[in-house]
Structures are given as structure tokens and as C-alpha cells.
Amino acid sequence: MIVWPVYRLTLRALLLQRRTILLGLLAAAPVLMALVYAVAAKAGAHHFRFYSHLVQELFVPTIAAVVALVIGVSAIGDEREDGTIYYLVATPQSRLGLIATKIAAAWTATLVLLVPSLVISALLALEGEVDPSSILWPAAGVALATLAYCGVAAWLSLRTRRPIVIGVLYVLLWEGSIATFAASASKLSIAAYGRALVAERLPEAAAPVVGPAPAVVILAAVAAITCWLGARALARVEL
Amino acid sequence: MIEGKVHDVRFHRYDGPRNGRLAALWSMIRWSTLRALGAKRGWKAKVIPIALTLVAFFPALIVLGLRALFASSISDNLATVLPYSDYAGIVGLVILVFAVVVTPELLCPDRRDGTLALYFATAISRTDYVLGKVLAALLPLLLVTVLPPAILYAGNVLFATHPLGYVQEHTHDIPRIAAAGIAMALYFAFVGLAISSLTGRRAFAVGGYLAFLIVPTIVGGILSNNIEHGENLRLMAFAAVPIHTAEALYPVAPDSGDPSNTAWVLVWLGLIAVSALVLVWRFRGDEA
């Protein structure tokens, strides 16, 4: 299904831009934070509690959401703005394949920026207490949440002229505000399912809303459905 | 027989009224403000600013509605259930989102569409342009920072048993409401415009503005609880700076352990000053 030449071109375009440097700086914020903690932590500080707050409150719901949203929108939005999307849809590739390729490229670019930051943050914050599961569970949460965000961003960039604004409203108003105090609202929050996977190993900051298996299924389903909706939109909307 | 008509379509000198620099500036401010709120654009561009403006009024309207309908059956004193000092904190997130949506709209399209050169070819100078855009950002922001608590105040006066006595008792709240609203609007306008001036793409201005406000807030919040002498890192809460500055205008002591009101006001001043410098830097040269 993945159209590899389009994947390579999109990935290169996404990574070799000035905005990628800015997004890289944003992704580096948790590293800086973990470094400050490593240098000046309170005596007797609970490293796992700090790391849990870092991942659950900063990394998944804010850094990962914003980076995936911007990159996911850029993957298709830039082609729409530059008018090159006409050449893309004129190729004998299926719409579903093109959207899946764009989402895959955006997801890869997002992970290139986020995963090193997550690993370095864990190494700095947990010092000698780090173990594979304290990196793998958060990495799984970040990976699946960003896949879903990239899918939503790609779909939004085909459905509206203001995908970032709508994405920001969702991340900030729904996920960041309503879903934090309304238990049922968190069921409609991508970040909540990403955090559910993180909480499997790091429950100190917040308890998971669902178990890991439903979280994986729901996030994968969000990515698949938005991919299908994106393909539908690519065939129907005025580009 | 085919009849033809020749139209005089040559370029002519403009011979209409010349209203001067201030009129040009006012025209730019007016249309920038209206455009940021979705005027002369499709309904989709209007929905978000209008919805957010309405949400900013909700707390005042709910309290006043309860007072109108159920004042006799609710035991709590509804006149004091929503203090003016708390209003900024309650609708702070709505104001933040409103600013994030509206301010990039004022600068990014001009840079992206290449209309800056057209502006500077008129009576508007670079300084006028920046000042005009600051005012154009302030006007819609004042709609959500000053007007809702002002409506609440007006409603409280109307519902008071002795309206004149209420006004006498709460005279000081009128300048406080105005000053708090202006302080919040100034902060969001300057910071939003400074970040928007760095890019021609509205989407990245929105993302950058959001990241600037939210990420340091979370970083400061987590670090302040976990590192030695980290209390002052709470001042990194850039999203909360205007709210604390607005609250500092009321005679309410900050929570124990929180930075002082003076510290919040200094951060507010500092960020506005840096933002103003960024705007001057971005619009000083030929490249702008």
C-alpha cells in the first residue's frame, strides 16, 4: 500500500525544512527539563514520579501532539498550498495508498524528532534506575498516539483550510481542559489513550483510562479510520 | 450592424478625497480587526472567533441568569459567587485560544501574500503598520477580556437591592476591570504578534504561539515541585502570566508558595518588552 518514492520524497521534504529545526527544539524541551532535574533534584526526589509527570503531562499531550499535528498537516497541506497535489493525484496510485504513504512519512518524521528526546530524557531523569520497560512503554504510548494524531492531521488538512487551528482547539480545549476533569470526555481523547500505555509502567502521574490492549486497538483504529476518511476526502474535495 | 463602444480605461491620477495618514491607519486597523474576526470571509472563518467570544461571556451570563431566575430559591449569595478578580482565571483558557486564533491572522497573510510592500507604498510607515496591527489585535482581545466582567458588573448593579449603594461600594472595581482586561489584551497582543511576525504561515504561527505559552507553563510547573529552590520556576507559566497580572490588580493575596504579584508583573512587562523588540526587529529592514 505504501508508495515508496512518495514516502521518501515526503519524508525528505518534512525533515529538511527550517520548521523541523524549530520542532526539534520543541521536542528537546523534555531533555532540557530532565537535565535540570538531574543536576538540581531535591534530596530524596522520586525519579519515577518526576519522569511519569514529564511523559504524561508534557511529552504525550503537548509535545507529541503539537509536533505530530504540525508535521501531519504539512505532509498534505504543503502540497495543497504549493499546488503539487494535482501531480500526485494524477499518478496511477490509489487514493488510500497515497494518504497512507503521507501519514506513514509524517509519522516517521515525528518519531525521528520525538523518540531520541524520550530516550535521553529517561536516561537523564531516571539515572541508574532506568530499565527497558520504563522506555518501551512510554515509547509505545508516544508512537501510537502520534500515529493517530498524524492520521487526524492528514484528514483535517484535506477537510479544512485551518487544520492547525482546529487541531489546536481539540488538543487545548478538549484534551487539555474538558477531558482532564470529565472522565467520560477523556474517552474521546487521543492523548488519554497514549497516556494509558505510558501509565502501564509509570502510573505515578495519572491512572490509565483503559488497559493497554484497548488503548492500542483504539489508537490504531483512529489512524485507520482517519486514513480511510482522508482517502475519501482526497477523491471528493476540491483540491 | 454591430455597435462598438470605447471605454476610457487609462490610468488616471486619483482625484478623490485625501484623508491623510491617520485615516489610512484607521482603515488598516478597522479592516484588520474585522478580517481577524472573519468579516468578508466564509462562515467557517467566523465560527471559531464568535463561538470563543460567546464562551467568554458564559460565566457572567450564567450567574446573571441564575440571579434573574432563581435568586429566591438558591441560598448562596449569588452576587459574590463570581468575584471580578476570578473572572480572568475562569475564562483564561478561552482568551488564550482566542488570541492564538486571532493574532496570527493579522500579520501572516500580509507577509505571505506580499501585501506588506503595498502597505508601505501608501501613507502608512513601518512604525504605523506595527502600531496599527497592535491596536487591531487589542480591539478583538478587549472584547473577551474587558466586556464580560463589565457585563457582570452592570448586571450586578441592576440586580442589587440598592444599585447606587452597590456602585458606591464597588467603585474601585470599575478601573480594576478595565485595567485587568487591558493588561491581558496587551500581553496576548504583543506576544502573539511577535511570534506571528516570525513566519508567513498562519498554521506555524498558531503552533508556535501555542507551544510558547503551554510548554514553559508545564515545564515550570513540574520542575518547581521537583528541584531545589524551584519555586520561582512557576514564573515560566507564560500562559498564566496575564492572569496573575490581572489578579494582582485586585486586593487578593497570592496563594502561599506562589511567586509574589510583583514578580508576575515583572515577567509580564519583560515579555511585552521582548515582544515589542522582536516586532521592531522584524519590521525595521527592507526584507519585511
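Residues numbered from 1 in each chain as written. Chains lettered and ligands numbered in written order. Predicted model: local features only at pLDDT ≥ 70, side-chain atom pairs only at ≥ 80, totals over all residues. Heavy atoms only, no water.

Colleague: Residues and numbers for the overall build of chain B, please.
Modeller: On a plain count of helices and strands, chain B comes out with 12 helices and zero strands. Listing the helices and strands of chain B from first to last along the sequence gives α-α-α-α-α-α-α-α-α-α-α-α. If you line up chain B on its principal axes, its C-alpha atoms span 90 × 50 × 30 Å. Sequence-distant contacts, at least 24 apart, represent 74% of the contacts inside chain B between residues at least 6 apart. By element, 66% of the accessible surface of chain B is carried by carbon and sulfur atoms, the whole surface being about 14900 Å². (Helix = DSSP H or I, 4+ residues; strand = E, 2+ residues; numbered from the N terminus. Contact = heavy atoms within 4.5 Å. Areas by Shrake-Rupley, 256 points an atom, 1.4 Å probe, with all protein chains shown as cover.)

Colleague: Hey, could you go over the overall build of chain A for me, with residue numbers and the actual values?
Modeller: From N to C terminus, chain A includes 10 helices and zero strands. When the helices and strands of chain A are read in sequence order from the N terminus, they spell out α-α-α-α-α-α-α-α-α-α. For 239 residues, the compact-globule estimate of 2.2 N^0.38 gives 18 Å, and the C-alpha radius of gyration of chain A, at 18 Å, lies within 12% of that figure. Summarising its shape, the C-alpha atoms of chain A cover approximately 60 × 40 × 30 Å along the three principal directions. Going through the 239 residues of chain A one by one, you find that 56% of them count as buried. (Rg over C-alpha atoms; globule rule 2.2 N^0.38 Å. Buried < 20%, exposed > 50% of the residue type's maximum accessible area, 1.4 Å probe, protein only.)

Colleague: Kindly report on the environment of A205 of chain B, identifying the contributing residues and their values.
Modeller: All names here are of chain B. Examined against the element boundaries, A205 turns out to sit in helix α10 (residues 202-226). C-alpha separation for the pair A205 and I195, spaced 10 residues apart in sequence, amounts to 6.3 Å. Contact partners of A205, with chain neighbours within four places excluded, come to P104, C108, I195, S196 and T199.

Colleague: Explain the interface of chain B and chain A to me, using residue names and the numbers behind them.
Modeller: Tallying the contact residues gives 31 residues for chain B and 34 residues for chain A. Between chain B and chain A, roughly 2800 Å² of surface is buried when both sides are summed, and carbon and sulfur atoms account for 72% of that area. On the chain B side of the contact with chain A, F204, I222 and N226 of chain B bury the most area, a combined 19% of that side's loss. At the junction of chain B with chain A, the criterion picks out four salt bridges. As a salt-bridge pair, R162 of chain A and E105 of chain B come within 3.2 Å of each other at their nearest N and O atoms. Here chain B is connected to chain A by seven residue pairs in polar contact (both at pLDDT 80 or more). For the side of chain B that touches chain A, the element with the highest residue contribution is α10 of chain B, accounting for 16 residues. (Buried area = accessible area lost by both parts, 1.4 Å probe. Salt bridge = Lys/Arg side-chain N within 4 Å of Asp/Glu carboxyl O. Polar contact = N/O pair within 3.5 Å; in protein donor to acceptor, adjacent residues only side chain to side chain.)

Colleague: Please set out the pattern of salt bridges residue by residue, giving values where relevant.
Modeller: When their charged atoms lie close together, side chains carrying opposite charge are able to pair. Within the structure shown, the criterion is met by 12 salt bridges over all chains. Across the pair R19 of chain A and D78 of chain A runs a salt bridge, and its minimum N-O distance is 3.0 Å. In this pair, R19 of chain A is assigned in helix α2 (residues 18-27) and D78 of chain A in helix α4 (residues 47-82), connecting sequence segments 59 residues apart. Since its relative accessible area comes to 14%, R19 of chain A is described here as buried. Using a relative accessible area of 12% as the deciding quantity, one classes D78 of chain A as buried. Residues D131 of chain A and R201 of chain A are paired through a salt bridge, measuring 2.8 Å at the closest nitrogen-oxygen approach. Placement of D131 of chain A in the loop between α6 (95-126) and α7 (132-159) and of R201 of chain A in the loop between α9 (190-199) and α10 (212-236) is noted, with a sequence separation of 70 residues between them. The exposure class assigned to D131 of chain A is partly exposed, which follows from its relative accessible area of 23%. By relative accessible area, which is 23% here, R201 of chain A ends up partly exposed. Several salt bridges share partner residues, and in doing so they unite R19, D78 and E81 of chain A together with R112 and R201 of chain B into one network.

Colleague: Account for the nonpolar core, naming residues and giving values.
Modeller: Y187, F188, L213 and L279 of chain B are the most contacted members of the largest nonpolar core, which has 170 residues in total. The element that contributes the greatest number of residues to this core is α4 of chain A, accounting for 20 residues. Once you skip the residues sitting within four places of it in the chain, F188 of chain B turns out to touch I95, L96, A99, T103, L141, Y209, L213, A239 and P242 of chain B. (Core = buried A, V, L, I, M, F, W, Y, C linked by side-chain atoms within 4.5 Å.)

Colleague: So what's going on with a nonpolar patch on the surface? Which residues, and what values?
Modeller: All names here are of chain B. Among the surface-exposed residues, I50, L54, V55, F58, L61, I62, L143, L147 and I151 lie close enough to one another that they form a single nonpolar patch of about 740 Å² accessible area. Going through the elements one at a time, α2 (43-70) and α7 (147-159) are the ones with two or more residues in the nonpolar patch. The element best represented in the nonpolar patch is α2, accounting for six residues. (Patch = residues over 30% accessible without salt bridge, like charges linked within 9 Å, V, L, I, M, F, W, Y side chains within 5 Å.)

Colleague: Give me the environment of R19 of chain A: which residues, what numbers.
Modeller: When the C-alpha atoms of R19 of chain A and W137 of chain A are compared, they prove to be 29 Å apart, with 118 residues separating the residues in sequence. Those residues in contact with R19 of chain A that sit more than four places away from it in its chain are V70, S74 and D78 of chain A together with R201 and F204 of chain B.

Colleague: Residue-level account of the confidence of the model for chain B, with values.
Modeller: Model confidence for chain B is summarised by a mean pLDDT of 88, while 96% of its residues fall at 70 or above. Scoring of the predicted complex yields 0.83 for pTM and 0.79 for ipTM. (pLDDT = per-residue confidence, 0-100.)

Colleague: With reference to specific residues and values, describe the packing of helix α1 (residues 20-36) of chain B against helix α4 (residues 92-112) of chain B.
Modeller: When two helices pack together, their arrangement is given by the angle between their axes and by how far apart the axes lie. Residues and elements named next belong to chain B. Between α1 and α4, whose axes approach to 9 Å, the crossing angle comes to 135°. In terms of orientation, α1 lies oblique with respect to α4. Of the two possible hands of crossing, α1 and α4 adopt the one that is right-handed. Residues S32, T33, R35 and A36 of α1 form the contact with α4, whose own contacting residues are V102, E105 and L106. (Axes fitted to C-alpha atoms, helices over the stretch in contact; angles between N-to-C directions. Parallel < 35°, antiparallel > 145°, perpendicular 65-115°, else oblique. Left-handed = near helix turned anticlockwise from the far one by under 90°.)

Colleague: Help me get a handle on the packing of aromatic side chains, residues and values and all.
Modeller: Residues and elements named next belong to chain B. Here the structure, examined in full by the defined rule, presents nine aromatic pairs over all chains. Relative to Y129, the ring of F120 has its centre 5.5 Å away and its plane inclined at 80°; by these criteria the two rings are edge-to-face. Taking relative accessible area as the criterion, Y129 reaches 1% and is therefore assigned buried. Geometrically, the ring pair formed by Y187 and F188 is edge-to-face, given 5.6 Å between the ring centres and 80° between the ring planes. Each member of the pair, Y187 as well as F188, carries the same accessibility label: buried. A connected cluster of aromatic rings, assembled from ring pairs, spans Y119, F120, Y129 and F283. (Phe/Tyr/Trp six-rings, centres within 6.5 Å; stacked < 30°, edge-to-face > 60°.)

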